[in-house]
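# Structural characterization, general
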Amino acid sequence: MPGYGMDRQLEIRDAGGFLAAVTAEDWARRAEAALQPGPWGYVAGGAGAEATMRGNLQAFERWRIVPRLLRDVSVRDLSTTVLGTAFPVPFGLAPIGVQSVLHAQAERLPAAVAGALRIPLVLSTVSSTPLEDVAAIMGDAPRWFQLYPGTDPEIVESLVGRAERAGYSALVVTVDTTMLGWRPRDLRTGYLPFFSGEGIANYTSDPVFQARLGPGASMAATVQLFLRVYANPGFTWKDLDHIRSVTRMPLLVKGLLHPDDARESLVHGADGIVVSNHGGRQVDGAIAALDALPAIAAAVAGRAAVLMDSGIRCGADVVKALALGAQAVLVGRPWAYALAAAGQAGVDQVLRDLRADIDLTMGMAGLRSLAEIGRGALARADG
Ligand SMILES: Cc1cc2nc3c(=O)[nH]c(=O)nc-3n(C[C@H](O)[C@H](O)[C@H](O)COP(=O)(O)O)c2cc1C
């Protein structure tokens, strides 16, 4: 019996209490203090008026958990299996690109923490650390690879093949970033880390990319080539078929908000969907991910895995997302803020605290296992 919640409360008290940061808001404040305006805007900002970014959080406010009491909740099981990957808790780490702008050791630190806790990590295509190095840190701990399906099919194939050989056990194809959203904070500061060669380690370490570039290329030429190949506004279902055909890994499509796109993904061989609006960074005014979830879960009807992200901040959020049809969720900004503010110890704290919060929320709501979390556990806040 994991007992994550009470164990964590005791651990914190034994350590002398007083943590400088506990909630996602605490970590955001600390990250803002630690970072220059450019990187802070990059991690905290969204598209346009940031209405969707705010809406992602507000959507959770419209649902309330209805606890059931006097059930024996002394044994609780938070584990599940998604597409063959064991999740000890119903969340993984969302792909966050360009972590070198948050911490000099970038992806290495979340990889070490997630690996030790065996919480699945989704590595971004645009990581600052080559995918093989992250795999070496994680050993046999579970990890998935996120792919930006770019314009060069041979580079895409090469990245997918490398991920498979390095022990990533699922491929998450992000389809909502065929171009970068209109992000006023980044535009105001003139900040785009790719221009200074940040976040392109999977490309500079790739043999096909290197061959395209030729020997002795300057950083400017390297960045130019990267910018030409990494995103693909012409991406269609046919290109998804190609990706499907080059790997045996289970394939998830990330960034869907419409049930018809979820249905179509299944026709094209997807094994899972990640309902997401990219944390409000792409289409401002887009529907909140939580609001899109029930219709997508109904459309998928158990034929594929359904995950969601965008707005998960605490244990109650995870329970609500599961009750509305997700098998698991991905967590993004909270641990990214902690990485910027406190490095490895910060990420470790965020993941352990979220795990404890989910455990306590489930137990006190009378939910002993993920299977017991259903629509009946919720009521609309407005009746
Ligand atoms: C700084 C930052 C970088 C991101 N980079 C990527 C990425 O490289 N690939 C990807 O699929 N999603 C990326 N995302 C989106 C996340 O995977 C996830 O969808 C989002 O963070 C969820 O929103 P939340 O963090 O507000 O809960 C990024 C998000 C942030 C905040």
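Here we summarise the structure given alongside this text. If you're wondering where the values come from, they're calculated on a predicted model, not measured in any experiment.

Calculation notes
One numbering rule holds for all chains: residues counted from 1, following each sequence as written. Restriction of local features to residues with pLDDT of at least 70 applies here, the model being predicted, together with a cutoff of 80 or more for giving and counting side-chain atom pairs; totals for whole chains, interfaces and linings are based on all residues. Each residue receives a C-beta atom built from its backbone; the residue is near a molecule or strand if that atom lies within 6 Å of it. Each helix is a run of H or I in the DSSP string that is no shorter than four residues. Each strand is a run of E no shorter than two, and both are numbered from the N terminus. Any residue outside Ala, Val, Leu, Ile, Met, Phe, Trp, Tyr, Cys, Pro, Asp, Glu, Lys and Arg is labelled polar, Gly included; the first ten of those are nonpolar and the last four are charged. Two residues qualify as a contact pair if the distance between their C-beta atoms, derived from the backbone, is within 7 Å. To assign burial, the other C-beta atoms lying within 10 Å of each residue's own C-beta are counted, with C-beta atoms placed from the backbone; 20 or more indicates buried, 12 or fewer indicates exposed, and intermediate counts indicate partly exposed. Two strands make a pair as long as DSSP finds a minimum of two bridges between them. Here a crossover is taken to be right-handed if, once the strands point away from the viewer, the path from the first strand over the helix to the second is traced clockwise. Throughout this description, the term nonpolar core refers to a group of buried Ala, Val, Leu, Ile, Met, Phe, Trp, Tyr and Cys residues whose C-beta atoms join them within 7 Å. Here, the arc refers to the directions that run from the helix axis to the C-beta atoms. Angular values range over 0 to 180 degrees, each being the angle between N-to-C directions of two axes fitted as lines to C-alpha atoms, with helices fitted over their stretch in contact. With respect to orientation, any angle under 35 degrees is reported as roughly parallel, any angle over 145 as roughly antiparallel, any angle of 65 to 115 as roughly perpendicular, and every other angle as oblique. Note on convention: near helix rotated counterclockwise from far helix by under a right angle means a left-handed crossing. Clockwise means right-handed.

### Digging into the site of the ligand
Neighbouring residues of the ligand: 21 residues in total, closest Ala94, Gly97, Ser124, Gly279 and Gly332. Those elements giving two or more residues to the shell around the ligand turn out to be helix 3 (37–44) and helix 16 (333–364). Residue composition of the shell around the ligand, grouped by class: 8 nonpolar, 10 polar and 3 charged.

### Some points on the environment of alanine 365
By the secondary structure assignment, alanine 365 is in the loop between helix 16 and strand 12 (378–380). Between the C-alpha atoms of alanine 365 and glycine 346, which are 19 residues apart in sequence, the distance is 28 Å. Ignoring anything within four residues of it in the chain, the contact list for alanine 365 reads Ile65, Pro67, Arg68, Val319 and Ala377.

### Considerations on the environment of glutamine 349
Inspection of the secondary structure puts glutamine 349 in helix 16. On a C-alpha basis, the gap between glutamine 349 and leucine 159 in space is 32 Å, while along the polypeptide they are 190 residues apart.

### Structural notes on unusual backbone geometry
Despite not being glycine, arginine 118 has its phi angle at roughly 55 degrees, a positive value. Taking the C-beta count within 10 Å as the criterion, arginine 118 has 15 such neighbours and is therefore assigned partly exposed. In the Ramachandran plot, alanine 301 falls in the positive-phi region, its phi being about 50 degrees despite a non-glycine side chain. Within the element layout of this structure, alanine 301 appears in the loop between helix 14 (289–300) and strand 10 (305–308). Given 12 C-beta atoms within 10 Å, alanine 301 falls into the exposed group.

### Overview of the pairing of strand 7 (residues 171–174)
Within a regular strand, side chains alternate between the sheet's two faces. Alternating residues of strand 7 divide into Leu171 and Val173 and Val172 and Thr174, and every residue in both groups is buried. Relative to strand 7, strand 6 (residues 143–147) runs parallel, the two sharing 3 bridges. Along strand 7, the bridge assignment pairs glutamine 146 with valine 172. Following the chain from strand 6 across helix 7 (residues 153–165) to the adjacent parallel strand 7, one finds a crossover that is right-handed. Here strand 7 pairs with strand 8 (residues 251–256) via 4 bridges, running parallel.

### Focus: the nonpolar core
With 120 residues, the main nonpolar core has Ile273, Val275, Leu293, Ile296 and Val329 as its most contacted residues. Among the elements that line this core, the one with the most residues is helix 16, at 14 residues. Residues in contact with leucine 293, not counting those within four places in the same chain, are Val275, Met308, Ala321, Leu324, Gly325 and Ala326.

### With respect to helix 2 (residues 24–34)
One full turn of an α-helix is made of 3.6 residues, so residues set three or four places apart face in the same direction. Taken residue by residue, helix 2 has Ala24, Trp27, Ala28 and Ala31 as its buried positions. For helix 2, the buried positions fall inside an angular range of 105 degrees around the axis, keeping them on one side. Residues of helix 2 that are exposed and point more than 90 degrees away from the buried face comprise Glu25 and Ala33. In this fold, the buried residues of helix 2 make contact with helix 3 and helix 16.

### With respect to the packing of helix 15 (residues 315–323) against helix 16
Where helix 15 contacts helix 16, the axes come no closer than 7 Å and their chain directions differ by 60 degrees. Here helix 16 runs oblique to helix 15, going by the angle between their axes. You can see that helix 15 and helix 16 cross each other, and the crossing is right-handed. Residue-level contacts link Gly315, Ala316, Val318 and Val319 of helix 15 to Leu354, Asp357, Ile358, Leu360, Thr361 and Met362 of helix 16. Looking at the contact of helix 15 with helix 16, its residues break down into 7 nonpolar, 2 polar and 1 charged.

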